[in-house]
Amino acid sequence: MKKWWIRPGIRMFAAFLLPILVPAIITMFIWALPGDPASIICPIETCGLEQNRILAKELHLDEGMWSFFSHWISQAIQGDFGRSNYYGLEVLSFQEGKVDLLSESIPNTSLLILFSLMIVSIASMLGSLNMPSKKWDPVIVMIGVIPVIVLALISGAVVEIAYPGAEFPNPKDWLKLIMGAVTLGFADAAFSGSLIGFRETFAREKNQRYVGISILRGESLFSNTFPNVANGLVGQYRARLLHILSGSVIVEVVVGISGVGDLLLRGTLNQDFSVVLAAAFIFSIFSALLLFFQAILECLIALHIRKAPSDIHMYEQQLEAT
Amino acid sequence: MKRLLFAVVLLCFSSLLFASLKAPERSTPGSVLSPYSYVQPFHAESYEKCMSAGTTTTKSMGFGNASQESSSKMDPEICSSMYWMGTNRSGVPLVEYASQGAKIVLFPSIFAGLLTCLFAIAGGLLRCMNIPFVDSVTQVFSEIVGALPRMVVIVICALLLPRELRGLLPLAILWSILSAPTAMDEAGAVAMRLGGARFVEALRAHGFGAFRIYLYHIVALNLRPVVVRQGAEVMMQVVFLELSLSYLAIVAESGSLTHSDDVRSWAELLHMGYAAVVVNEPSMHALMIGLSLIALIVVMATSLSTMARAR
């Protein structure tokens with residue numbers, strides 16, 4: 001009880017480590033593979049010997065793993081992810097009028113995740129309010145079982161039927177985003193898991209003895225249960241968000257949204273390591289931010305609980321005494 | 001009820017096993033001029049035509065002996081496989097897609113499921129040992145691994161794997177490792193509800209040995225529902241992962257990340273069916289078969305986890 005800070009502390013440590021760890025692991029993998037890293041990134045058969053040498057020099061591949069990684073991460077922190085060797089464009093550029101790969105992708109992915117988060121949030125709210133009744137559970141669970149690929153196909157078909165061909169690009173793009181968000185919001189138990197998870201958590205807490213006593217004292221149910229379940233709820237919420245982030249790779253490709261996930265897959269298939277490293281870094285930063293916010297919220301909740309005139313202080317004093 | 005569910009699991013598993021055993025080694029190329037293009041399932045006319053065919057130009061069609069050239073009458077097995085599931089645009093029976101797809105997913109998904117079960121057992125047992133340092137190390141592992149977006153990791157690893165090592169098995173193992181934090185957390189929570197180290201102490205006081213305490217009382221009697229459910233879920237997710245990766249490769253017009261190019265995945269059935277919905281190709285039967293196969297996996301996984309549920 002006294003060491004409540006260990007868990008959020010570990011989360012914060014993991015949050016700071018994650019954006020460095022992900023590119024580091026990818027770099028280690030590149031060096032662990034048999035063959036010259038420059039040839040793995042840009043095979044001589046496709047790039048040619050001269051281009052291969054230029055690339056090795058440009059990316060510091062010829063100076064060993066550490067040199068490559070330290071150079072890449074220092075550039076990435078400044079927002080320079082290098083140049084895509086497949087598209088021949090900057091991965092991210094802050095110069096006005098200069099075309100790059102991520103400037104369009106990041107807003108699209110953010111909107112997709114934001115919209116799908118709305119669905120998950122609605123499910124969470126419904127669950128907290130103990131709605132709908134449990135008799136609907138089989139239906140909700142059945143919807144949750146549908147894999148993301150199947151729902152993405154349905155969404156893709158809806159978009160194609162509504163706006164066939166390349167006409168009406170603007171409404172078509174919006175419909176793609178909305179359908180993609182619906183897919184992510186419902187597939188792989190995102191909706192059902194949030195709804196049932198929140199409902200079960202609140203229901204379990206409501207049955208605690210202290211809640212009954214608080215109600216008898218004239219206090220509200222929510223103000224008593226919420227601080228105690230908040231940690232669990234935040235954890236659930238983060239897990240759902242992470243799941244949505246993961247599923248966005250599939251949805252973006254199948255529905256046809258040009259986002260970071262789509263870029264990552266195309267970079268993967270084209271062996272475009274600058275794009276892959278940049279996309280992985282962005283995903284890991286997003287995930288690290290989620291971890292960081294969870295840790296902060298956990299700290300705030302723990303401080304709130306300890307500030308409240310509750311039995312915890314007495315319990316801690318008892319523990320100290322014994 | 002449990003017996004019924006066990007029978008369902010057994011039936012689903014044996015169908016998949018049978019299909020994967022019967023799957024041809026290589027996919028048949030088919031022909032754009034095939035007279036058996038988009039034969040619908042249970043189409044008696046095409047079946048009779050196939051059975052009564054003389055020397056055939058559609059040598060590519062087949063099930064079980066796909067690479068054989070036939071100059072005699074059509075193989076009844078080919079005709080019946082065509083009858084049961086229909087064909088694609090090139091006249092290749094869809095049975096081939098179903099069986100080869102089953103062969104791709106069966107072993108890796110089971111392996112990943114078993115590995116997840118082991119992770120869950122380890123998570124539960126570690127909590128029962130009550131060693132704070134191990135708990136902290138486990139949490140660091142869970143936080144870092146659990147914070148990685150799974151699909152992103154899978155896609156990157158698929159890229160980094162050397163071509164000769166590419167396949168579903170390494171990705172399934174990776175998926176299982178990425179799912180480990182959830183499984184370990186849940187099993188750990190069950191172990192803590194049980195009493196953790198105090199439960200072990202209590203059983204020791206009864207004179208039970210370590211084997212009986214850990215493997216029988218904790219794992220078999222208490223952790224079983226969580227362990228089996230997590231294993232079944234990961235097994236199902238690995239199948240969906242294969243479908244997704246194969247579908248993404250089809251959309252991107254690239255080589256598959258999960259299997260060799262001369263084998264067909266269930267994702268191709270979905271892709272074929274998608275054309276039926278969007279551009280009115282007569283391939284709705286492919287979509288139906290693809291969705292039925294997905295349903296088969298869902299039913300198997302759900303039955304398995306329900307079967308292991310505690311009384």
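This is a predicted model, so every value here is computed, not measured. (Residues numbered from 1 in each chain as written. Chains lettered and ligands numbered in written order. Predicted model: local features only at pLDDT ≥ 70, side-chain atom pairs only at ≥ 80, totals over all residues. Heavy atoms only, no water.)

Student: Now, about the overall build of chain A: what can you tell me, with residues and values included?
Tutor: Helices and strands together make up the secondary structure of chain A, namely 15 helices and zero strands. Once the C-alpha set of chain A is aligned to its principal axes, its extents read approximately 80 × 55 × 40 Å. Across the 322 residues that make up chain A, the buried fraction comes to 47%. Taking as baseline every contact in chain A between residues at least 6 positions apart, the subset at least 24 positions apart corresponds to 70%. When the accessible surface of chain A is summed, it comes to about 16,300 Å², and 67% of that surface belongs to carbon and sulfur atoms. Taken together, the 22 basic and 26 acidic charged side chains of chain A have centroids lying 14 Å from each other. (Helix = DSSP H or I, 4+ residues; strand = E, 2+ residues; numbered from the N terminus. Buried < 20%, exposed > 50% of the residue type's maximum accessible area, 1.4 Å probe, protein only. Contact = heavy atoms within 4.5 Å. Areas by Shrake-Rupley, 256 points an atom, 1.4 Å probe, with all protein chains shown as cover. Lys, Arg positive; Asp, Glu negative; His and termini not counted. Charge placed at Lys NZ, Arg CZ, Asp CG, Glu CD.)

Student: Mind laying out the nonpolar core, listing which residues take part and the relevant values?
Tutor: The nonpolar side chains of soluble globular proteins are, as a tendency, buried together. Core analysis: the biggest nonpolar cluster contains 139 residues, and Phe81(A), Leu102(A), Leu264(A) and Trp266(B) have the highest contact counts within it. Every residue in contact with Leu102(A), bar those within four places of it in the chain, is listed here: Phe81(A), Val91(A), Leu92(A), Pro107(A), Val260(A), Leu263(A), Ala278(A) and Ile282(A). With 19 residues, the next largest nonpolar core counts Leu125(B), Ala187(B), Ala191(B) and Ile213(B) among its residues. (Core = buried A, V, L, I, M, F, W, Y, C linked by side-chain atoms within 4.5 Å.)

Student: Please give an account of the pattern of salt bridges that cites residues and values.
Tutor: Inspection of the entire model under this criterion finds 18 salt bridges over all chains. With a shortest N-O distance of 2.4 Å, Arg11(A) and Glu143(B) are connected by a salt bridge. Within this pair, whereas Arg11(A) is found in helix α1 (residues 6-32), its partner Glu143(B) is found in helix α5 (residues 132-146), the two belonging to separate chains. There is no split in this pair, since Arg11(A) and Glu143(B) are both buried. Across the pair Arg229(B) and Glu233(B) runs a salt bridge, and its minimum N-O distance is 3.5 Å. (Salt bridge = Lys/Arg side-chain N within 4 Å of Asp/Glu carboxyl O.)

Student: Go over the packing of aromatic side chains with me, naming the residues and quoting the values.
Tutor: Inspection of every chain in the model, using the stated rule, returns 13 aromatic pairs over all chains. Taken together, a centroid distance of 5.6 Å and an interplanar angle of 90° make the contact between Phe42(B) and Trp84(B) edge-to-face. Here the residue Phe42(B) occupies a position in the loop between α1 (2-22) and α2 (44-51), and Trp84(B) occupies one in helix α3 (residues 76-85), the gap between them amounting to 42 residues. In terms of burial, Phe42(B) and Trp84(B) fall into one category: exposed. Counting every residue linked through ring pairs, the aromatic cluster contains Phe16(A), Phe292(A) and Phe293(A). In this structure, Arg150(B) is placed above the aromatic ring of Trp175(B), and the distance from its NZ or CZ to the ring centre is 5.4 Å. (Phe/Tyr/Trp six-rings, centres within 6.5 Å; stacked < 30°, edge-to-face > 60°. Lys NZ or Arg CZ within 6 Å of the ring centre and 35° of its normal.)

Student: Give me the state of the cysteines: which residues, what numbers.
Tutor: All names here are of chain B. The tally for this structure, following the rule as stated, stands at one disulfide over all chains. In this model, Cys 50 is linked to Cys 79 through a disulfide, with the two sulfur atoms separated by 2.0 Å. Looking along the S-S bond of the Cys 50-Cys 79 disulfide, the torsion reads about -75°, which is the left-handed sense. Taken together, the residues Cys 50 in helix α2 and Cys 79 in helix α3 connect sequence positions 29 residues apart. Take Cys 50 and Cys 79: they sit in the same class, and that class is buried. With no disulfide of its own, Cys 128 lies 17 Å from the sulfur of Cys 117, the closest cysteine sulfur. (Disulfide = S-S within 2.5 Å.)

Student: Would you mind going over unusual backbone geometry in detail, with residue names and values included?
Tutor: The amide bond that connects Met131(A) to the next residue, Pro132(A), takes the cis arrangement and shows omega of -20°. Among the secondary structure elements, Pro132(A) is positioned in the loop between α6 (102-128) and α7 (137-145). In this model, Ala189(A) sits at a positive phi of 65°, which is unusual for a non-glycine residue. The exposure class of Ala189(A) is partly exposed, given its relative accessible area of 26%. Positive phi values are uncommon outside glycine, yet Glu253(B) reaches one of about 55°.

Student: Explain the confidence of the model for chain B to me, and be specific about the residues and the numbers.
Tutor: Residues and elements named next belong to chain B. The predicted model of chain B averages 85 in pLDDT, with 93% of residues at 70 or higher. At the low end of the mean pLDDT range in chain B sits α3, at 79; at the high end sits helix α4 (residues 94-129), at 93. Low pLDDT, under 50, characterises residues 55-72; the stretch is placed with 44 contacts to residues that sit more than four places away or in other chains. Scored as a whole, the predicted complex attains pTM 0.86, and scored at its interfaces, ipTM 0.83. (pLDDT = per-residue confidence, 0-100.)

Student: An account of the interface of chain B and chain A is needed here, citing residue identities and associated values.
Tutor: It is common to give the size of an interface as the accessible area lost on bringing the parts into contact. Across the contact, 36 residues belong to chain B and 42 residues belong to chain A. Approximately 3,600 Å² of surface area, both sides summed, lies buried where chain B meets chain A, with 81% of it carried by carbon and sulfur atoms. Counting across the interface, chain B meets chain A through two salt bridges. In this assembly, chain B and chain A are joined by four residue pairs in polar contact (both at pLDDT 80 or more). The dominant element in the side of chain B that touches chain A, judged by the number of residues it contributes, is helix α6 (residues 150-160) of chain B, at eight residues. Class assignment of the residues belonging to the side of chain B that touches chain A gives a composition of 27 nonpolar, five polar and four charged. (Buried area = accessible area lost by both parts, 1.4 Å probe. Polar contact = N/O pair within 3.5 Å; in protein donor to acceptor, adjacent residues only side chain to side chain. Nonpolar A, V, L, I, M, F, W, Y, C, P; charged D, E, K, R; others polar.)

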